[in-house]
Structure formats: structure tokens, C-alpha cells
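Structure assessment
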Amino acid sequence: MAKDWKELTELTRGAAIEVERVKLKDKGITIESSFELPPLARLTLEDQIFVSAFIKCRGSIKSMEKFFGISYPTVKNRLSNIAGKLEFVEIDPPASGNEILQQLDDGELSVEEAIKKLGGG
């Protein structure tokens, strides 16, 4: 299966792929529609390998340096470039107007900070 994925990524060379059929092997169910690949699957094969290695190294940049024989800044730059290609769910979304007013009421924000967060300054 890894060989098939490698061949597919080499064939497409980063071009957009649309999957039209998905088969659940164990269930014998086939779904036909239009599916986008998940963000990690859209990365180049080299970037996928780099991300996989990073996970295998448990996020240790020092281990990545040793594994690939590259410098700390090179690892950081590669990770930053890959992160720029991925769409992330916002982990800390901006507070709603009600939340900002509650923070102001609780004394967590000054009036000036609340105005700024509400887009008034």
C-alpha cells in the first residue's frame, strides 16, 4: 500500500486530487461522491515522510537533527514550511462579544482592552 501511495504522489506531483469512490473493505460498502483528500495527504511525499519522522521522534527536534543529519534551524524551517501548507482548526478562537463583556465585568479586561477586542480601537 505504501508503494501505491508513493506512486500516486509522484504521478500527481502536487496537483489537486479529487477522490470519487471510497470502499470500506471490511464492510463491503462503496461510497461514490466527491471527496477532498485530508490535508496531510495533500503534502508532497517528502513532506509526509518528514512529518511521519517528526511524530516517530515524538516531536524532538534534536532527534530529527540526528535522524536526517540536518541542523536545528533546517528542521525548524522545514516544519514551518509544512505548517504553512496545512489548514489548522483555530485552537484559541477570538472571544465573542458576550465573552468580552463578561471578561470586562469580571475585571479580567480593562475598558480599553475590551474596546480593542470588540473592534473599536
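Throughout what follows, the structure given in this document is the object of discussion.

The rules behind each value
Residues numbered from 1 in each chain as written. Predicted model: local features only at pLDDT ≥ 70, side-chain atom pairs only at ≥ 80, totals over all residues. Heavy atoms only, no water. Axes fitted to C-alpha atoms, helices over the stretch in contact; angles between N-to-C directions. Helix = DSSP H or I, 4+ residues; strand = E, 2+ residues; numbered from the N terminus. Parallel < 35°, antiparallel > 145°, perpendicular 65-115°, else oblique. Left-handed = near helix turned anticlockwise from the far one by under 90°. Contact = heavy atoms within 4.5 Å. Nonpolar A, V, L, I, M, F, W, Y, C, P; charged D, E, K, R; others polar. Buried < 20%, exposed > 50% of the residue type's maximum accessible area, 1.4 Å probe, protein only. Arc of directions from axis to C-beta. Pairing = 2+ DSSP bridges. Salt bridge = Lys/Arg side-chain N within 4 Å of Asp/Glu carboxyl O.

Next up on the list: the packing of helix H2 (residues 45-56) against helix H3 (residues 61-68). Where H2 meets H3, the closest approach of the two axes is 9 Å, and the angle between their N-to-C directions is 125°. The pairing of H2 with H3 is recorded here as oblique in orientation. Judged by the twist between their axes, the crossing of H2 over H3 is right-handed. Contacts between H2 and H3 pair Phe50, Ala53 and Phe54 from the former with Ile61, Met64, Phe67 and Phe68 from the latter. Taken together, the residues that form the contact of H2 with H3 break down as 7 nonpolar, no polar and no charged.

It is worth spelling out the environment of lysine 23 at this point. Examined against the element boundaries, lysine 23 turns out to sit in strand E1 (residues 18-24). You can call lysine 23 exposed: its relative accessible area is 53%. Every residue in contact with lysine 23, bar those within four places of it in the chain, is listed here: Ile29 and Thr30.

Ile61, Met64 and Glu65 are the residues of H3 that are buried. Taken down its axis, H3 places every buried residue within 105° of arc, on the same side. Those residues of H3 that are exposed and aimed more than 90 degrees away from the buried face are Lys62, Lys66 and Phe67. Against H2 and helix H4 (72-85) lie the buried residues of H3.

Our next topic: the pairing of E1. Sheet analysis places E1 next to strand E2 (residues 29-36), joined by 6 bridges and oriented antiparallel. The residue of E2 that forms the bridge with valine 22 is isoleucine 31. Linking E1 to E2, which pair antiparallel, is a turn of 4 residues; within it glycine 28 sits at a positive phi near 70°.

In this section: the pattern of salt bridges. Overall, the coordinates contain 5 salt bridges when judged by the stated rule. One salt bridge connects arginine 78 with aspartate 47, and the closest N-O pair in it is separated by 3.3 Å. In this pair, arginine 78 sits in helix H4 while aspartate 47 sits in helix H2, placing the two residues 31 residues apart along the sequence. Take arginine 78: its relative accessible area is 29%, and that puts it in the partly exposed class. Overall, aspartate 47 belongs to the buried group, its relative accessible area being 6%. Overlapping salt bridges bring together Asp47, Arg78 and Lys85 as one network.

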